[in-house]
Structure formats: structure tokens, C-alpha cells
Amino acid sequence: MSESALREQSLPVGSFGRKSSGWYGVWTLVLTESAIFVYLLFSYFYLASQANGEWPIGGPPPLTLAAPNTVILLASSAALIWAERSGARRGKRLQLLAGLALALLLGVTFVIVQLREWHGKAFSIRSGTYGSSYFVVTGFHLAHVIVGLSVLLTLFIWALRGDFDAQRHAPITVGAIYWHFVDAVWLVVFSALYLVPHLG
Amino acid sequence: MVVTEQGRAPRMARQSGATVDATLEAIWKTGPGIRGVLSTVDHKRIGIRYIVTACAFLIAGGVEALIMRLQLAHSDLNILSPEAYNQLFTMHGFTMIFLYAGPVLSGFSNYLWPLLLGSRDMAFPRLNALSYWIFLLAGIFLYASFPLGMSPDAGWFNYPPLSGKDYDPGPNIDFYLLGLIFLGISTTVGAANFLVSLLRTRAPGMSINRLPILIWGTLTASVGNLLAVPAVTLACVLLFADRQFGTHFFDVEAHGQPLLWQHLFWMFGHPWVYAIVLPALGIVSDALPTFCRRPLVGYTPVALATVATMIVGFGVWLHHMFATGMPVLSLAFFSAASLVITIPSAVSTFAWIATIWTGKPVLTTPFLFLSSFIILFVIGGVSGVMTGAVPLDFQLTDTYFVVAHLHYVLIGINVFPVMGGIYYWFPKMTGRMMNERLGRWNFWTMFLGFNIGFFPMHIVGLMGMPRRIYTYAPGLGWDTLNLITTLGSFAFAVGILLFLINLTVSLRRGRPAGANPWDGPTLEWSVPSPVPAYNFAVIPVVASRHPLWEDRLQSPERSSLSRGYLLNHGRETLATTVLDAEPDLILKMPGDSYAPLALALGLGIVFVGLILHSERWTIVGVLATTVAILVWLWPQRRLGQTAEPTHV
């Protein structure tokens with residue numbers, strides 16, 4: 001390192017958005033969680049390739065609920081982007097709270113619709129390898145949504161307490177990455193479990 | 001009132017490394033007594049705990065092995081029942097592979113990383129504590145099955161349908177599945193911590209071409225773990241669901257696929273093999289040159305070989321399944337990929353040999369362990385190439401030849417470097433040298449015992465003795481070789497005993513070590529032994545791969561070890577940029593905290609609830625875990641995480 005780099009330069013102190021350790025940490029979480037979904041879908045397609053019964057049971061799953069639900073989940077990501085960009089980064093607490101609340105609301109709607117879809121299925125988790133795979137893959141995702149919603153709720157409470165301003169809001173940035181990840185995973189799960197069967 | 005600031009220019013200062021800085025010591029010291037024991041986040045204490053706990057499991061697994069060797073010493077013995085034998089070999093495998101071989105290397109890396117990187121702690125000190133507590137609790141969880149006589153009994157890779165509900169209805173397999181899921185959390189958070197520590201907490205100037213090879217090894221292992229551990233976690237979740245919730249993933253009657261388990265298990269299993277050897281190879285690459293009085297030959301090829309081994313290692317899992325009836329094309333592809341791994345392995349081997357050849361070897365105990373490792377690595381590697389060839393594997397699979405191979409790999413490539421590493425860094429950890437004379441006895445007993453014990457297994461395997469049988473008939477010609485193996489394994493155990501004696505004696509009466517007893521080249525030898533709580537009085541500025549050997553290597557670059565960044569406004573260390581390691585931010589570091597222990601205990605309650613089929617305890621555990629996470633993550637002004645108050 002050159003001598004010039006040794007000059008006493010002013011450095012930020014503490015937790016700052018993409019410079020915070022949490023920002024790096026959440027990406028390792030995304031990496032390892034992505035891997036688990038890769039292995040889940042590997043298992044799903046492996047069992048599909050070896051199946052000798054009906055796969056999926058009752059033909060390709062209907063998109064009536066799942067397609068609009070996908071839009072709802074994407075909308076919640078959009079709300080969160082708005083909360084972070086227009087709210088957190090500019091230190092505007094009301095926008096931040098409104099965006100977080102909207103994202104939460106849309107996320108909860110997704111969970112309710114998904115549970116309704118589960119309820120309407122003619123098969124269960126015990127109905128052969130397809131039933132087991134369908135419920136375990138969507139169940140893994142739903143569990144991630146519920147964890148993500150807990151994160152959003154916690155962020156909402158912290159924002160309400162006034163913990164964040166234009167400089168200090170790394171938890172919002174970090175939590176948002178996780179929520180977007182959960183949404184991105186849904187696109188993959190939705191494509192694999194709902195769209196692919198319609199192609200055949 | 002705690003006051004933090006948004007920005008500051010860290011003061012450069014000259015600091016004598018020999019004396020302990022009282023201000024920094026007060027800031028970084030772990031609290032006294034039991035409080036400190038339960039709440040410390042000091043990477044050095046956690047690292048030593050990891051090594052001690054892993055060695056305790058090594059002894060437990062070793063005793064299990066000795067009991068099995070007594071049973072196998074002669075044909076038709078009845079010391080153990082078949083069921084007891086099944087539990088013993090399963091627990092032995094699980095213990096050695098998951099509770100010893102991985103965690104002991106985590107211990108070295110936890111202790112050494114910040115010292116090698118020139119930092120005051122890991123990026124996530126509390127996560128470090130969490131990963132230790134979960135490791136400990138997962139080990140206790142698994143061993144709780146032992147006194148109940150309900151230990152896992154389907155082998156360490158636990159194939160269904162044998163491990164399914166129909167053939168193994170008791171809680172034995174559930175202990176395996178839940179224990180492995182629990183332990184996986186520890187491995188994962190540990191790996192994340194290593195990765196972020198590498199990206200953020202290197203000293204200024206520590207660019208990637210200056211990293212010690214141990215860092216490369218653990219980094220590669222960590223990325224591998226982040227990608228591989230989910231496979232086995234998922235396999236365990238699916239099998240647990242099959243056993244407890246009536247799903248059909250591995251259920252043959254419902255067209256489930258037992259082979260799916262094998263795929264998921266070995267997609268994890270083979271990268272894991274590299275995760276438990278690459279950091280050990282790193283120990284050799286860093287410590288061996290010190291005793292050859294020259295830098296490692298071929299630093300860049302060895303670093304690249306480390307990474308290449310792991311990358312190829314993700315594409316070889318099928319070689320554990322050659323005998324299951326795969327298409328010929330798969331056999332050819334995975335066999336070829338397995339043989340390709342010999343190339344990076346050979347690169348490292350020749351680099352070590354050339355280092356010894358062109359150096360001036362100092363024949364100390366660590367040198368004996370580290371150099372003999374090369375021989376064992378080659379033997380284990382050659383038997384690996386043999387089993388990697390499909391036609392030979394058809395003959396050798398499930399015989400004692402494979403047992404011989406995997407022990408040469410695991411003991412040769414893990415235990416021997418670990419022993420060398422302990423002899424090498426014991427002075428740094430304790431401030432005292434280990435006894436050299438006892439060390440030599442220790443080494444020769446272990447080395448001879450190991451080879452006498454395990455080499456005959458190759459032969460008995462070639463003669464057709466299958467693994468995992470609790471006894472065998474007389475007249476097969478296996479008796480003598482098995483007796484030799486048993487005698488060798490006890491000699492090996494005596495070697496381990498000598499090591500423990502040396503440890504105990506040296507801890508009390510060892511010669512004081514001083515900062516750099518071996519005249520080593522890397523940053524950890526620039527600070528006092530034992531290392532003060534804050535590691536470095538000033539964050540050094542690194543200019544070469546061997547900061548302490550720059551004079552004698554007549555290196556044009558000069559590191560600045562005594563003049564550096566003085567960060568003493570509370571617990572602080574320097575964050576640097578990912579590629580160039582330029583100063584980027586001042587990290588506020590957390591102090592003692594009970595949150596990691598509470599979180600680990602909460603998770604422990606969840607797993608106990610699951611094994612007892614108790615919804616109540618499971619829910620209690622989930623709630624406790626949630627509260628612990630909230631307390632942990634609650635934004636603190638002391639850590640520079642919250643908005644500054646507008647009015648004071």
C-alpha cells in the first residue's frame with residue numbers, strides 16, 4: 001500500500017447501508033437459502049421424472065388464484081422499494097411507514113390466498129410423491145414469507161419508534177433484500193410448479 | 001449517555017507491540033467469572049473452545065472405535081450385540097465427521113482469522129458465539145440418545161429405506177436427522193461469518209494475493225458449506241417428514257425414491273469432504289514453510305488448486321453411488337471428474353515437497369506431523385483414485401478397502417495437520433511451548449500405530465471383507481489382519497494419550513514462548529503470546545505476504561506493524577474494501593452478550609420438542625428463539641445503528 005493511502009482520511013463510523021456488515025451478511029443468507037430452493041426443485045423434478053402415476057395430480061394446477069397472488073407479492077416488493085427509496089433514504093418517516101405497512105398488507109394477503117388455495121386442493125401432503133412435493137415446496141416458500149413478514153413488522157415497529165433517519169437505516173436496506181429474495185424465489189417456484197405443467 | 005458520531009478520521013499512532021495497552025484491554029476484555037464464560041464473543045476464546053470440544057468428541061469417537069476393534073479382533077466374538085455394533089459405528093462416523101473433523105478446523109480458523117487478517121475480531125462476533133453454542137448443544141443432543149440406547153443405527157450416511165419408519169421405527173433415526181439439521185445451522189452461520197470477515201475485516205493492504213493459504217482453505221470451505229449444507233438439511237427434513245408426517249419422498253411403495261436421499265446426501269457429502277480437508281491443507285501450507293525456513297513454493301498455484309478442488313468437488317458426488325445402477329454416461333462423466341481432482345491435489349503435493357526440498361528443514365514435532373501428512377495424503381489420494389475408477393469401485397465398494405481409504409483421508413489429512421497445528425499455535429494460544437521430547441514420542445506412536453492399524457484394512461478389503469459387519473466367520477483368512485488392525489488402533493490411541501499428557505503438562509510447566517517462538521512470517525506472530533483481548537494495539541498496514549520476513553527476504557515492500565490505525569473510541573475495528581483492502585469504515589463491534597446462548601438454547605428446545613413429539617415445547621422453543629433474535633438485532637446506539645437524537 002502506498003504512503004498516500006496512510007493519510008488520515010475521514011471514515012464513516014458504525015452502520016451505514018451497503019457498508020454495514022449486515023448488508024454483506026444478508027447476501028450470504030440469500031446465497032445459502034437459494035441453494036436450499038435449488039435442491040428442493042431438484043427433488044421435485046427428480047421425483048417427477050421417476051413418477052409413474054399422475055403428475056401433477058388432477059392435471060396442471062389452475063392459475064386462478066396463483067397468478068393474481070403472484071402479482072400481489074410483486075406489488076408488495078414494489079411498495080417496499082418505494083418505502084426504502086422515498087422514505088428511508090430521504091429520512092421521511094411517514095413514507096417509510098406507509099410503504100412498510102402496504103408491503104405488510106400485501107404480504108399477508110398473499111399468505112391468506114395461498115392458504116385458501118391449499119384448502120381447495122383435492123389432494124393432501126400424503127397423496128403420493130406429487131402431493132408431498134407440492135406441499136413441501138410451497139410450504140417451504142410460505143414459511144419464508146411468514147419469516148419475511150415478521151421482519152417487515154419488526155422494521156415497522158423500529159421505524160415507528162424513530163430509530164431511523166436519512167443516515168442510519170441499514171436494517172431497512174437489509175430487511176428489504178430478504179423480502180425481495182422471498183419474492184424472487186416465488187417467481188421460480190411459481191414457474192416450476194404452476195407454469196411448467198401447462199407447457200406439456 | 002452514549003454518544004456516537006457519523007464520521008471520524010482514525011488517528012495513526014505508533015504503538016509498541018510488546019506491552020499490553022491498558023485502555024484497549026479495558027475496552028475489549030471479557031467480563032469476569034461465569035458471566036464472561038456464558039456471554040463472551042472473543043474469537044480467541046471461542047476458537048479454543050471449539051478445538052477443545054471437538055477434541056472431546058474425537059476422544060468419544062475414538063473410544064467407540066476401540067470397542068468395535070475389540071469386537072473385530074477375532075472371528076465370532078460376542079463382545080457387542082449386532083444392534084449395539086450398529087449404533088457404535090453410526091455414532092463413531094457421525095462423531096468423527098460432523099462433531100470433530102469440521103468443528104476442529106472451525107476452531108483453528110475462529111482463533112486465527114482475525115490474527116492472520118490483522119483485525120480485532122470476526123465480522124460478526126455474536127454469530128461466532130452462536131455457532132459454537134449450537135455446535136455444543138447439537139453434540140449433546142445427539143449424545144443424549146446414547147444412554148437411552150436409542151442412538152442412530154443406519155450408518156453415518158443413513159440410507160433409506162433402512163432408515164425409514166418401517167425398518168427403524170424408534171427415535172434412533174430422528175436423533176440423527178434432527179441432530180444434523182441443528183448442527184447444520186452452526187456450520188452455516190459460521191461459514192457466513194468467515195465469508196463476511198474475509199470481505200470486510202482484512203487489514204489495509206491485505207489484498208487477496210497476500211492472504212495466508214489457511215484463509216484460502218477456510219474461505220473455500222465456507223462458500224462450499226453455504227452451498228452444500230442445505231442439501232443435507234433438506235434431505236433430513238424430507239426423511240423426517242416421511243417418518244413423522246406421512247409424506248412419500250423415499251417411500252418405495254408409493255413410488256418414492258430412496259436414491260433421492262443418496263443424491264442429496266452426496267451432493268452435500270462430497271463438498272463436505274473438501275470442507276474438512278482444505279483448511280487442514282491450509283494449516284500445512286502456512287506452518288510447514290516456517291520449519292523449512294523459506295516461503296511456500298508456488299503460492300499462487302496452491303491457492304488456485306484449493307479453489308479448483310472445491311469447484312470440481314461439486315461435480316463428483318455420483319462416485320459414491322457407482323454401484324447403484326447408473327447410466328454408463330453418468331458413470332463415465334463422474335469417474336472422469338473424480339480423477340480430475342488429482343491435478344490440483346498433485347499441484348499442492350509437489351509444492352510442499354519442493355518447499356521441504358529447497359528449504360532448510362528444522363525437525364521439530366510440528367514439522368514431523370506436517371511432513372508425514374504428505375505421505376498419508378498420497379496414500380489416501382491413490383486409494384481414492386482407485387475407487388474413483390468405476391470397474392475397480394464395483395469390486396471395492398462396501399469393503400474394508402473403502403474404510404481404509406476414508407481413514408487415510410480423514411486421519412491423514414485432518415488429524416495429522418491438526419496435531420501439527422496444535423503444536424505450532426499452542427505457544428500463541430497459551431504463551432507456553434509444548435514439550436518437544438514428549439512430542440516426538442507422541443508423533444511416532446501415532447504415526448506407526450496409524451499405519452499398522454489402517455494399512456491392513458486395504459488388504460482385508462481386497463480379500464472381500466465387507467464393512468459394517470459386527471463379526472465374521474473363521475477360516476476366511478481375515479483373523480490375523482484384523483488382529484493387527486486392532487493392535488495398531490490401540491497403539492494409535494496411546495499416541496493420542498501421550499498428546500493429552502503433553503497438553504496437560506505443558507499448559508502448567510511449558511517453557512514461556514514469547515511472541516514469535518518459531519520465527520514465523522505472518523501477522524499472528526507480531527503480537528504477544530497469549531494474545532491480548534484486542535489482538536492488535538494498532539491495526540497494521542500490510543505490504544507483503546510475509547510481513548515478519550521482509551528484511552531477510554529483502555522484499556522491496558515494507559509492512560507497517562507498529563505504526564497503524566489506533567481505534568480506541570470503544571470497541572472498534574477497521575472495515576476495508578473488498579478488492580483492494582483500502583480503509584472504508586470504522587466498525588462498531590458488539591461486546592459480551594447473552595443473546596447467542598439464549599438463541600441456541602431456544603433452538604435446542606425446539607429440537608427437544610420435536611424429538612419428544614411435544615407441540616408445547618416446540619412452540620416454547622420457537623417463542624424463545626424469536627425473543628432472542630429480537631433482543632440481538634434491536635438497533636443500538638452504541639453500535640452506531642440508530643438515528644442520532646435531534647435533542648439531547
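Structure first, text after, so check above.
Here goes a summary of the coordinates provided. The residue count restarts for each chain, going from 1 along the sequence in the order it is written. A letter from A marks each chain and a number from 1 marks each ligand, given out in the order of writing. Only residues with pLDDT of 70 or above have their local features reported here, since the model is predicted, and side-chain atom pairs are shown and tallied only from 80 upward, although totals for entire chains, interfaces and linings are computed over all residues.

1. Re the interface of chain B and chain A
Thought 1: Here contacts are defined at the residue level, using C-beta atoms placed from the backbone and a cut-off of 7 Å between them. With 56 residues of chain B at the interface, the matching set in chain A holds 47 residues.
Thought 2: Note on conventions: DSSP H or I runs of at least 4 residues are helices, E runs of at least 2 residues are strands, and numbering of each starts at the N terminus. Going through the elements one at a time, strand S1 (7-8), strand S2 (11-14), helix H6 (172-200), helix H7 (213-245), helix H8 (258-275) and strand S6 (583-588) of chain B are the ones with two or more residues in the side of chain B that touches chain A.
Thought 3: The greatest single-element share of the side of chain B that touches chain A, amounting to nine residues, is contributed by H7(B).
Thought 4: Throughout, the ten residues Ala, Val, Leu, Ile, Met, Phe, Trp, Tyr, Cys and Pro are labelled nonpolar, Asp, Glu, Lys and Arg are labelled charged, and all others, Gly among them, are labelled polar. Class assignment for the residues of the side of chain B that touches chain A results in 33 nonpolar, 16 polar and seven charged.
Thought 5: Note: strand S1 (residues 11-12) of chain A against S1(B), two bridges, orientation antiparallel. In the sheet register, Leu11(A) faces S1(B), and the bridge partner there is Arg8(B). The criterion for strand pairing is that DSSP finds at least two bridges linking the strands in question.

2. Here we look at the packing of helix H18 (residues 595-611) of chain B against helix H19 (residues 615-633) of chain B
All names here are of chain B.
Thought 1: In the contact formed by H18 and H19, the axes pass within 7 Å of each other and the chain directions differ by 165 degrees. Classified by the angle their axes make, H18 and H19 are roughly antiparallel. As H18 runs across H19, the sense of the crossing is left-handed. Contacts from Ala595, Ala598, Leu599, Leu601, Gly602, Leu603, Ile605, Val606, Val608, Gly609 and Leu610 in H18 reach Trp617, Thr618, Val620, Gly621, Val622, Ala624, Thr625, Ala628, Ile629, Val631 and Trp632 in H19.
Thought 2: Of the residues belonging to the contact of H18 with H19, the class tally is 17 nonpolar, five polar and no charged. Simply put, an axis is a line fit to the C-alpha atoms, just over the touching stretch for a helix, and the angle between two N-to-C directions goes from 0 to 180 degrees. Throughout this description, any angle smaller than 35 degrees is read as roughly parallel, any larger than 145 degrees as roughly antiparallel, any in the 65 to 115 degree range as roughly perpendicular, and the remainder as oblique. Note on convention: the crossing is left-handed when the near helix lies turned anticlockwise from the far helix by less than a right angle, right-handed when the turn is clockwise.

3. Considerations on the pairing of S6(B)
All names here are of chain B.
Thought 1: Exposure classification rests on a simple neighbour count of other C-beta atoms within 10 Å of a residue's own: a residue reaching 20 or more is buried, one at 12 or fewer is exposed, and one in between is partly exposed. C-beta atoms are placed from the backbone. The element S6 is extensively covered by neighbouring structure, given that five of its six residues are classed as buried.
Thought 2: As judged from the five bridges shared by strand S5 (residues 572-576) and S6, these two strands associate in the antiparallel manner. Paired with Leu574 across the two strands is Ile586, which belongs to S6.
Thought 3: With antiparallel pairing between neighbouring strands as the criterion, S5 and S6 make up a hairpin whose turn holds six residues, including Ala581 at a positive phi of roughly 55 degrees.

4. Observations concerning the sheet that holds strand S4 (residues 560-566) of chain B
Residue and element names in this part refer to chain B.
Thought 1: Overall, antiparallel pairing links the three strands, which are arranged S2-S4-S3 in an open sheet. Every other strand in the sheet has two partners, leaving S2 and strand S3 (539-541) as the edge strands with one partner each. Each neighbouring strand pair of the sheet contributes to a mean axis angle of 45 degrees, computed without reference to strand direction.
Thought 2: Of the strand pairs in this sheet, S3 and S4 are connected by two bridges, and their pairing is antiparallel.

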